[in-house]
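# Survey of secondary and tertiary structure
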Amino acid sequence: MTTAKVPAKTQSSNVAGFIIGLALVVVLAFVARWLKILVYGVSLPLGIPGKALEYPLWAALVGLIVNWILKTTNVYDFVKPGFRTELFLKIGLVLLGTGISFKVIVTAAAGAIIQALIMVTAVYFFSWWLGGKFGLPDTLRAVMSTAVSICGVSAAIAAAGSVLAKKEEITYITALVIITALPLMVIAPLLAGAMGLSEPVAGAWFGGNVDTTAAVVGAGTIYGKTAQQIASIVKQTQNALIGVVAFLLALYFSVVVEGKKERPSAGVIWQRFPKFVLGFIATSLLFTFGLIAKDPGAAIAALKDWAFCLAFVCMGLELSAGQFKKMGWNPIIVYLIVTIFNTLLALIVSYLIFGWLFPAKL
Amino acid sequence: MNVKINEDWLAVIIAFGLLVLAVAGVITPKWMIF
């Protein structure tokens, strides 16, 4: 009897926390939108035009501030169920498909597949090798290498499932991913602008270099519409490789590390495949074949922006730095070196592929 | 085939629901444009 009452109570508390957390996220998205509109026409210090400060920046900033307030007042854990970065991001990405012709996806995907194969392989093995040199445990470097080479948080979770990593290793890598991705979301578009990169090349660079999909979309949004589209296609192509990497990792850890005879099923490739990518392709096909009228009154574009804005608010809210003290400096040093390697390699590869081999024309 | 409703599918369902509302003209974007 007692055991039945406790979960029921916890469940109702979770539902209340979810609703309040979600309402908070929506309110903060309104605040971010208001800040964006407020500074849009203003010229800021150092000659920075207000319109350069797009909503992803404000949303993440507002999320970070409220994150700190919630933790200081000890209510963070109660409202946390309402913070759904991945869900909002995926809704936004499916809606983004309604503005991209399928021909563009196919054209960009050709370059994106080559880029993804080069980037994922090179970055994964560099990170794995460097992690070994710094004496990181196999499970931690498997999760880290997958996160930094594919797509941050969701890849880290998929890899952790394959190698049976510890829970604190996942939360640690998740925090590292967000801490590096947030500044990169702002710095990468600035650097791309300083280097005079075209929008397709810049988008491909963000897609290959910034670790988490939310920050990739954020960097693309800050740089321009075409950059946002190419960045999303490149990142989703990379995301599609999660299943393959999760399967290979499970195979390696089962056979080589643990010495088991039974092998994991290839079904994990489909199990880990990001299904929302199918939704993105479906909306693009509907748009391409004229089954969706050209965005009626810009409603779909506005919904997409709202979904992304909610995701960026959650990204700021979900940052947690508590695990850093426990794990020491070595994983941080490895992660930062690999991020620099990733950034430089992605710049060269995206320039060669999207600037020269498969120049995307939108 | 047994299709489990995970976050990916939920995102697709919500996005398509929003899409239908937008195409039907139920959602008017004047107050919500970024």
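Residues numbered from 1 in each chain as written. Chains lettered and ligands numbered in written order. Predicted model: local features only at pLDDT ≥ 70, side-chain atom pairs only at ≥ 80, totals over all residues.

Attention shifts here to the nonpolar core. Residue and element names in this part refer to chain A. Formed by 120 residues in total, the largest nonpolar core has its most connected members in Val 143, Ala 156, Ala 159 and Val 313. With 15 residues, helix H15 (residues 299-318) is the single largest residue contributor to this core. Each residue touching Val 313, except ones within four places of it in the same chain, is listed here: Val 25, Leu 28, Ala 29, Ala 32, Ala 59, Val 62 and Gly 63. (Core = buried A, V, L, I, M, F, W, Y, C linked by C-beta atoms within 7 Å. Buried ≥ 20, exposed ≤ 12 C-beta atoms within 10 Å, placed from the backbone. Helix = DSSP H or I, 4+ residues; strand = E, 2+ residues; numbered from the N terminus. Contact = placed C-beta atoms within 7 Å.)

A few words now on the packing of helix H6 (residues 138-151) of chain A against helix H17 (residues 330-357) of chain A. Residue and element names in this part refer to chain A. One can describe the packing of H6 onto H17 by two numbers: an axis separation of 11 Å at closest approach and a directional angle of 30°. Judged on the interaxial angle alone, H17 and H6 are roughly parallel. Remark: the crossing between H6 and H17 carries right-handed chirality. In this structure, H6 contributes Leu 140, Met 144 and Val 148 to the contact, and H17 contributes Pro 331, Val 334, Tyr 335, Val 338, Thr 339 and Asn 342. Taken together, the residues of the contact of H6 with H17 sort by class into seven nonpolar, two polar and no charged. (Axes fitted to C-alpha atoms, helices over the stretch in contact; angles between N-to-C directions. Parallel < 35°, antiparallel > 145°, perpendicular 65-115°, else oblique. Left-handed = near helix turned anticlockwise from the far one by under 90°. Nonpolar A, V, L, I, M, F, W, Y, C, P; charged D, E, K, R; others polar.)

Another aspect to go through is the packing of helix H9 (residues 199-209) of chain A against helix H10 (residues 213-223) of chain A. Residue and element names in this part refer to chain A. In contact at an axis separation of 9 Å, H9 and H10 are set at 160° when each is read in the N-to-C sense. With respect to H10, the axis of H9 lies roughly antiparallel. Of the two elements, H9 crosses H10, and the hand of that crossing is right-handed. Contact with H9, carried on its side by Glu 199, Ala 202, Gly 203, Phe 206 and Gly 207, involves Val 216, Ala 219, Gly 220 and Tyr 223 of H10 and no other residues of that element. Considered class by class, the residues forming the contact of H9 with H10 number five nonpolar, three polar and one charged.

Quick look at the interface of chain B and chain A now. With 19 residues of chain B at the interface, the matching set in chain A holds 26 residues. Residue composition of the side of chain B that touches chain A, by class: 15 nonpolar, two polar and two charged.

A few words now on helix H2 (residues 55-72) of chain A. Across its 18 residues, H2(A) extends 26 Å between first and last C-alpha, which sits within 8% of the 26 Å expected from 1.5 Å per residue. Along H2(A), the residues that are buried comprise Tyr55(A), Pro56(A), Leu57(A), Trp58(A), Ala59(A), Ala60(A), Val62(A), Gly63(A), Val66(A) and Asn67(A). (Expected span 1.5 Å × (residues − 1).)

Once that is clear, we can look at unusual backbone geometry. The general pattern is negative phi for most residues beyond glycine and trans for most peptide bonds. A positive phi is found at Asn74(A), a non-glycine position, where the angle reads about 60°. In this structure Asn74(A) comes out as exposed when scored by C-beta crowding, with 8 C-beta atoms within 10 Å.

The quantities given are spatial measurements derived from coordinates; they are silent on function.
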